[in-house]
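Remarks on the overall topology
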Amino acid sequence: MHKKATYNIAIGMVLKELQDERHIDREKLGEALETSGADITMIENGDERMTAGELILLLTTFDLPWDDFMQRISKALPQAEAKIR
């Protein structure tokens, strides 16, 4: 079982991946998630956790089904775990 910190880092990695794929900058994403671009950077780096509300807005903004999101998280977990060690 992974630690909460590993999931937080994996979520940040997936957030960055989605931004790159969809060509959306941090400021615009911050507006969509009702936060700031600086907060997006902190989430990407695992320094700040994404709230449940931000997660729902993220899935809605990217029109991303929960199962697809979780597949991306699962794929990112090994790299996220390596960042903790």
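The structure this text deals with has already been given above.
Keep in mind it's a predicted model, so treat the numbers as computed, not measured.

Our focus in this paragraph is the packing of aromatic side chains. Here the structure, examined in full by the defined rule, presents one aromatic pair. Seen in terms of ring centroids, W66 and F69 are 5.7 Å apart; in terms of plane orientation they differ by 40 degrees. Their pairing is tilted. Remark: F69 and W66 occur in helix α5 (residues 66-84); sequence separation between them is three residues, near one turn of the helix.

This part takes up the environment of A32. Structurally, the position occupied by A32 is in helix α2 (residues 26-32). With relative accessibility at 28%, the residue A32 sits in the partly exposed group. Between the C-alpha atom of A32 and that of D47, which follows or precedes it by 15 residues, the distance is 20 Å. If sequence neighbours within four positions are ignored, A32 has contacts with L57 and T61.

What counts as what
- Residues numbered from 1 in each chain as written.
- Predicted model: local features only at pLDDT ≥ 70, side-chain atom pairs only at ≥ 80, totals over all residues.
- Heavy atoms only, no water.
- Phe/Tyr/Trp six-rings, centres within 6.5 Å; stacked < 30°, edge-to-face > 60°.
- Helix = DSSP H or I, 4+ residues; strand = E, 2+ residues; numbered from the N terminus.
- Buried < 20%, exposed > 50% of the residue type's maximum accessible area, 1.4 Å probe, protein only.
- Contact = heavy atoms within 4.5 Å.

Purely geometric stuff here, so don't read any function into it on its own.
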